[in-house]
Amino acid sequence: MSQQLTQIQPMSQPVDIGDEVASFSAEVEAEIDRHLAKYPVMRSAILPLMFIVQRERGYLDAAGVAYLAKRLHLRITDIWEVATFYSMLNTTPVGKYHIQVCKTLSCKIMGEPGITEHICNKLGIRPGETTTEGRFTVSLVECLGSCGTAPMLQIGFDYHENLTREKVDQILDSLP
Amino acid sequence: MFIGAIGCEPLQLARVHLENSHSLEVYRQHGGYESLRKVLTSMSPDDVISEVKKSALRGRGGAGFPTGMKWSFVPKDSPKPKYVVCNADESEPGTFKDRYLMERDPHLLIEGMLIAAYALGAKINYIYTRGEYRYLIDIMDHALEEARTAGLLGEKILGTDFSSEVYTHTGAGAYICGEETALLSSLEGLRGHPRMKPPFPAVSGLYASPTVVNNVETLTAVPDIIRLGGEAYQKLGTEKSGGTKLWSVSGHVNRPGVYELPMGYDDMEKFIMEDCGGMLGGKQLKAVIPGGSSVYIMRADQIIGKDVRMDYEGLVAGGSSVGSGGFIVMDETVDIFESTKNLTEFYKHESCGWCTPCREGTDWLVKVFKRIASGGGRPEDVQLMLDLCDNIEGKSFCPLGDAASWPIQSAIKRFPEDFRKHLVNVNGGPATNV
């Protein structure tokens, strides 16, 4: 499909790139190119590209944001304003395993409080905190679309459903 | 978890139990892409829109707008490119039907999108999937590649002159992006703020071009409408609500799951007490939120013995609405003050911050709920909450404000005792503003 890539520069200020700009391998660059090819307007690729930068760098750090601004021909502030809007984009470091426990109604009434308590006791942290060695972060998040298999949690992108305390132990103990 | 049809032959769930139901091979063995072939070889775009109108299919995302009418708003003479965007940003609490449709039958969605694209003349189409559903994006990407290789997607589909491409797109955790104009803002790479309507997306949507945004369940109904004919599809349901509907059931029932029921299924009590296996642990039913968290909560005595018909008109008559079809069933142990507090925290978290009534109002409501929950309730707090809701409902930029108000208003009206008991100062002494 023939597509014309348009560079959108919403205002006339120059593109302001920070001192340090992240760089990625040829494979990652190719992956980014594949996403850019989907859209007639480059800026549309901002969310898929942010997930790639986050995967490669752990979170959206200043160098990663500078890379996105450069790649998408946008200003640094254009990137930050999007990054800070969406709850799945991390602008501060999170643990290697980001445990996201669903706290919305169906999970709540099917046992979420006990699951959260169990995880926090096991890891010695409270929701919103990261273990000292940086292995686990625990967050309480809103509905993840797993209400019929509540309670549930997500680690990274993996769904774990119909949870019990025993099942949580198995999941956490089996992580590499 | 149960997945299947009750009271009708399964349409959208017809293939979900087959082994490798997600594969092109299984889909085609069971009649897959034959509706697309029929459309491309024997129907004009207007014929397709006319069939969808006859089917009385109404948007399954929550608003229930007639799909054929939405399609007919796209201007035919516009020189701009046209887009079909599938709303797979399923985030309404209690709703998980789209997830299983995409997981088990991704080609059904692709076929539905291509039929819509043909009807509207769209060359590029996007599936906007919530970011947490990453595994579904992988499934859809794989299915799209299969379809492309088989000549069902891309240039000259099925050897005809029709060319159209479908791409996946990821959201990143924002409930508001399920609102169609916010979804389009997000797809353009912006913060997910809703836009003023009019102009409606049909006239000026993605990249200011004519765009139709339809829910996954809506688009996956289209191949069956073409196969059966619009009239026959409509007759499976009621006059104003055609066809079948998927209901996500969660909470205190023995058999939660995704149920496909004919529109107008009779009735809600039978559905919960028999089809869903009755109440968990034999407890008493206390309340049901039948359409995802944003609709009015119903008391058990509005359901038991009341013959509430399960379609758009029936649920309104019963005191709520279909919404996204997310049933949250609650037993006698649930404190409706607590459940409403939980949902209000959800709306506060998900308010996009664009307009003042919703941004500030939901924040204030959570503060009041928290104060009451920590023992600082005052008798006038119920009126305070109703006043706050009144200042949000109908006064916000987009429907999220209404969605935040309705659960509170209906809960206070229908479960006043659950609120009243929290308004007695449990700490002793005069209640203070905590």
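Up top is the structure these notes are about.
In this text the structure is predicted, and so the values were computed from the model without any measurement.

Draft legend 1. Up close: the overall build of chain B. The secondary structure content of chain B amounts to 17 helices and 12 strands. Its C-alpha atoms give chain B principal-axis dimensions of about 80 × 45 × 35 Å. Out of the 434 residues belonging to chain B, those deemed buried represent 57%. Expressed as a percentage of contacts within chain B between residues at least 6 apart in sequence, the contacts between residues at least 24 apart total 72%.

Draft legend 2. Structural context of the interface of chain B and chain A. Across the contact, 47 residues belong to chain B and 34 residues belong to chain A. Counting residues per element, the ones that place at least two in the side of chain B that touches chain A are helix H7 (134–149), strand E4 (165–170), strand E6 (244–251), strand E7 (257–262), strand E12 (326–331) and helix H13 (336–350) of chain B. At six residues, H13 of chain B tops the list of elements feeding residues into the side of chain B that touches chain A. Split into classes, the residues belonging to the side of chain B that touches chain A amount to 20 nonpolar, 19 polar and eight charged.

Draft legend 3. Up close: the sheet that holds strand E3 (residues 153–155) of chain A. All names here are of chain A. A sheet is described by the order of its strands in space; here four strands give the open sequence E2-E1-E3-E4, paired in mixed fashion. Two strands bound the open sheet, and with one partner strand each, they are strand E2 (136–141) and strand E4 (158–160). On average, adjacent strands in this sheet sit at an angle of 25° to one another, irrespective of strand direction. Pairing of strand E1 (residues 97–102) with E2, which is carried by six bridges, proceeds in the parallel orientation. Following the sheet pairing, Ile99 is matched in E2 by Val138. Packed onto the sheet, helix H6 (residues 112–123) meets E1 and E2 and runs at close to 155° relative to E1.

Draft legend 4. Geometry of the sheet that holds E6 of chain B. All names here are of chain B. On the basis of which strands lie adjacent, the open sheet formed by six strands has the order E1-E7-E6-E12-E9-E10 and mixed pairing. One side of each edge strand has no neighbouring strand; the edge strands of this open sheet are strand E1 (2–5) and strand E10 (298–299). Across four bridges, the pairing between E1 and E7 is parallel. Looking at E7, one finds that Phe2 is bridged to Gly257.

Draft legend 5. Examining the packing of helix H15 (residues 381–392) of chain B against helix H16 (residues 400–414) of chain B more closely. All names here are of chain B. Where H15 meets H16, the axes come as close as 9 Å, and the angle between the chain directions of the two elements is 150°. When the interaxial angle is binned, H15 and H16 end up roughly antiparallel. Viewed along their axes, H15 and H16 form a crossing whose handedness is left-handed. Taking contact as the criterion, the partners of Val382, Met385, Leu386, Cys389 and Ile392 in H15 are, on H16, Gly401, Ala404, Ser405, Ile408, Gln409 and Ile412. Here the contact of H15 with H16 is composed, by residue class, of eight nonpolar, three polar and no charged.

Draft legend 6. Structural view of the pairing of E4 of chain B. Residues and elements named next belong to chain B. Counting buried positions along E4 gives five out of six residues, so the element sits mostly inside the fold. Judged from the six bridges that link them, strand E3 (residues 124–129) and E4 form a sheet pairing that is parallel. Bridged to Ile127 within E4 is Thr168. Read as a crossover between parallel neighbours, the route from E3 over H7 to E4 is right-handed.

Draft legend 7. Structural view of the nonpolar core. The biggest cluster of nonpolar side chains holds 173 residues, and the ones touching the most others in it are Met50 of chain A together with Val85, Met113, Ile115 and Ala116 of chain B. In terms of residues, this core owes the most to one element, helix H6 (residues 106–120) of chain B, which gives 11 residues. In this structure, Ile115 of chain B is in contact with Ser35, Leu36, Val39, Val48, Val222, Pro223 and Ile226 of chain B, ignoring residues within four places of it in sequence.

Draft legend 8. How the structure looks around unusual backbone geometry. Looking along the chain, the bond that leaves Pro198 of chain B and enters Pro199 of chain B is cis, with omega of 5°. Relative to the elements of secondary structure, Pro199 of chain B occurs in the loop between helix H8 (180–187) and strand E5 (211–215). For the bond running from Asp266 of chain B to Asp267 of chain B, omega is 0°, close enough to zero to count as cis. In this structure, Asp267 of chain B sits in the loop between strand E8 (265–266) and helix H11 (268–275). For His73 of chain A, which is not glycine, the phi torsion reads 55° and is therefore positive. The topology assignment puts His73 of chain A in the loop between helix H3 (62–72) and helix H4 (76–83). Backbone geometry places Tyr207 of chain B, a non-glycine residue, at a positive phi of 50°. Residue placement: Tyr207 of chain B occurs in the loop between H8 and E5.

Parameters at a glance
Residues numbered from 1 in each chain as written. Chains lettered and ligands numbered in written order. Predicted model: local features only at pLDDT ≥ 70, side-chain atom pairs only at ≥ 80, totals over all residues. Helix = DSSP H or I, 4+ residues; strand = E, 2+ residues; numbered from the N terminus. Buried ≥ 20, exposed ≤ 12 C-beta atoms within 10 Å, placed from the backbone. Contact = placed C-beta atoms within 7 Å. Nonpolar A, V, L, I, M, F, W, Y, C, P; charged D, E, K, R; others polar. Pairing = 2+ DSSP bridges. Axes fitted to C-alpha atoms, helices over the stretch in contact; angles between N-to-C directions. Parallel < 35°, antiparallel > 145°, perpendicular 65-115°, else oblique. Left-handed = near helix turned anticlockwise from the far one by under 90°. Right-handed = clockwise from strand over helix to strand, strands pointing away. Core = buried A, V, L, I, M, F, W, Y, C linked by C-beta atoms within 7 Å.

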